[in-house]
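# Structural characterization, general
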Amino acid sequence: MTELQTTPEPPSIEREIELDASVEEVWAAMCEPDTWLADEGSLDIEVGGTGRLVDDGIVRQAVVETVEEGRRLVYRWWNDGDGGSASRVELTLVPSDGPTRLVVRETLVVAPTPAELRAAPAPTDRSAAGVRWEVRFACLAMRQGALIRA
Amino acid sequence: MSRDAPGRAHSGVSGRLDDVLGALADPTRRSLFERLRAQGPETATNLAVGMPVSRQAVVKHLQVLAEAGLLNSERVGREVRFEADPEGLAGATAWMNEAGAAWDRRLGKLRGRLR
């Protein structure tokens, strides 16, 4: 929060927790989203995998961006229906001789507008980093979500 | 607070948050906003000095920032003076508080599962 007062970078939060379990055990638990990430729902833990998660009464669509087995999981999610802000969640495991450390970072990203949703081309150029690419990616994910729901 | 209150609060600020994020996604607007926050109220003419863009472009950027709620403007003589609005980041701060509380809850559940 102090950071937000000094630099208007996209708002983000970070949490860190030490878990008395092996990396393998933590990863296995992480990959069952309905047991901790949300009250109900599912998420396919593979790149491009989509899901719908209901947490504390909030319904979110999600799409997985990065999977590094036993190390890192990155996904993006956004409120279902109202076109509200999207955010990216990065979950990173840090192994040690003792407990396994899990680092969570969630960063707000710009949610696509309905016009952008209609006009969105496929995200072919991953090197064109930044908000525009992120918007396109989220658009594609929303389309996939719509197809799966249909 | 009722159980679905955070959901309503979130969707309430989300449109605004998108405006704020969109406004600050542009490096020129970000630097204008940072300057106004650091140096206090200023006119578009003075802000344009030393910038690689025209005064007209600066005015447009300032308008986008103002529409997102990040700036206030006040007419002084023949010019308009812009001032950073600290309340403009309130939605972002609220999001951070909500997101932080949600992760504390989720991580507590994960810890309980692994016990």
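Everything that follows concerns the structure shown earlier in this document.
Described below are features of the structure shown in this document.

What counts and what doesn't
- Residues numbered from 1 in each chain as written.
- Chains lettered and ligands numbered in written order.
- Predicted model: local features only at pLDDT ≥ 70, side-chain atom pairs only at ≥ 80, totals over all residues.
- Heavy atoms only, no water.
- Helix = DSSP H or I, 4+ residues; strand = E, 2+ residues; numbered from the N terminus.
- Buried < 20%, exposed > 50% of the residue type's maximum accessible area, 1.4 Å probe, protein only.
- Areas by Shrake-Rupley, 256 points an atom, 1.4 Å probe, with all protein chains shown as cover.
- Contact = heavy atoms within 4.5 Å.
- Pairing = 2+ DSSP bridges.
- Axes fitted to C-alpha atoms, helices over the stretch in contact; angles between N-to-C directions.
- Parallel < 35°, antiparallel > 145°, perpendicular 65-115°, else oblique.
- Left-handed = near helix turned anticlockwise from the far one by under 90°.
- Salt bridge = Lys/Arg side-chain N within 4 Å of Asp/Glu carboxyl O.

## Points about the overall build of chain B
Along the backbone of chain B there are five helices and three strands. A burial count over chain B gives 41% of its 115 residues as buried. When the accessible surface of chain B is summed, it comes to about 6200 Å², and 50% of that surface belongs to carbon and sulfur atoms.

## A few points about the overall build of chain A
Of regular secondary structure, chain A possesses four helices and seven strands. Sequence-ordered secondary structure for chain A, helices as α and strands as β, is α-β-α-β-β-β-β-β-β-α-α. The buried share of chain A, taken over its 150 residues, is 47%. In chain A, 36% of the contacts between residues at least 6 apart in sequence involve partners at least 24 apart. Here chain A displays about 7200 Å² of accessible surface, and carbon together with sulfur accounts for 49% of that area.

## Here we look at the pairing of strand β5 (residues 72-79) of chain A
Residue and element names in this part refer to chain A. Counting buried positions over the eight residues of β5 gives seven, a clear majority of the element. Two elements, strand β4 (residues 58-68) and β5, share eight bridges in a ladder whose sense is antiparallel. Pairing of R60 across the sheet is with N79, part of β5. Connecting β4 to the next strand, β5, in antiparallel fashion are three residues, including G70 with a positive phi near 75°. Where β5 lies against strand β6 (residues 86-94), seven bridges are found, and the strand directions are antiparallel. Its bridge partner lying in β6, R76 is registered against R88.

## Details of the environment of T92(A)
Residue and element names in this part refer to chain A. Tracing the chain through its elements places T92 in strand β6. Each C-alpha atom, one on T92 and one on W27, is 9.8 Å from the other, the two residues being 65 residues apart in sequence. In this structure T92 touches R71, R72, R101, L102 and V103, once residues within four positions along its chain are discounted.

## Examining the packing of helix α2 (residues 23-30) of chain A against helix α5 (residues 90-114) of chain B
For the pair α2(A) and α5(B), interaxial distance at closest approach is 11 Å and the crossing angle is 125°. Overall, the two elements α2(A) and α5(B) adopt an arrangement that is oblique. Considering only the axes of α2(A) and α5(B), their crossing is right-handed. The residues of α5(B) that touch α2(A), namely those facing E25(A), V26(A), A29(A) and M30(A), are L110(B), R113(B) and L114(B).

## What to know about the sheet that holds strand β2 (residues 71-76) of chain B
All names here are of chain B. As summarised here, the arrangement of the three strands in space is β1-β3-β2, forming an open sheet in which the pairing is antiparallel. This sheet does not close on itself; its edge strands, each paired only once, are β1 (42-43) and β2. Relative to strand β3 (residues 79-84), β2 runs antiparallel, the two being bridged by six bridges. Pairing of V76 across the sheet is with E79, part of β3. Along the sheet, helix α2 (residues 27-39) contacts β1, β2 and β3; its crossing angle with β3, the most-contacted strand, is approximately 85°.

## Brief notes about the pattern of salt bridges
As enumerated under the stated definition, the model contains 15 salt bridges over all chains in all. Residue R105(A) is joined to E14(A) by a salt bridge in which the shortest nitrogen-to-oxygen separation is 2.7 Å. One end of the pair, R105(A), is in strand β7 (residues 100-109); the other, E14(A), is in strand β1 (residues 12-19), and 91 residues separate them in sequence. Residue classification places E14(A) among the partly exposed positions, given a relative accessible area of 42%. With a shortest N-O distance of 2.7 Å, R15(A) and D104(B) are connected by a salt bridge. Residue R15(A) is found in strand β1, and its partner D104(B) is found in helix α5; the two belong to separate chains. Taking the relative accessible area as the measure of exposure, R15(A) reaches 27% and is therefore partly exposed. Residue class for D104(B) comes out partly exposed when judged on its relative accessible area of 42%. Here the salt bridges do not stand alone but share partners, grouping D55(A), D56(A), R105(B) and R106(B) into one network.

## Details of the sheet that holds strand β2 (residues 40-43) of chain A
Residues and elements named next belong to chain A. Sheet architecture is open: seven strands sit in the order β1-β7-β6-β5-β4-β3-β2, paired in antiparallel fashion. Pairing within the sheet leaves two strands with one partner each, and these edge strands are β1 and β2. Strand-to-strand twist in this sheet, taken as the mean axis angle between neighbours without regard to direction, amounts to 25°. Sitting on the sheet, α2 touches β1, β4, β5, β6 and β7, and the angle it makes with β6 is about 155°.

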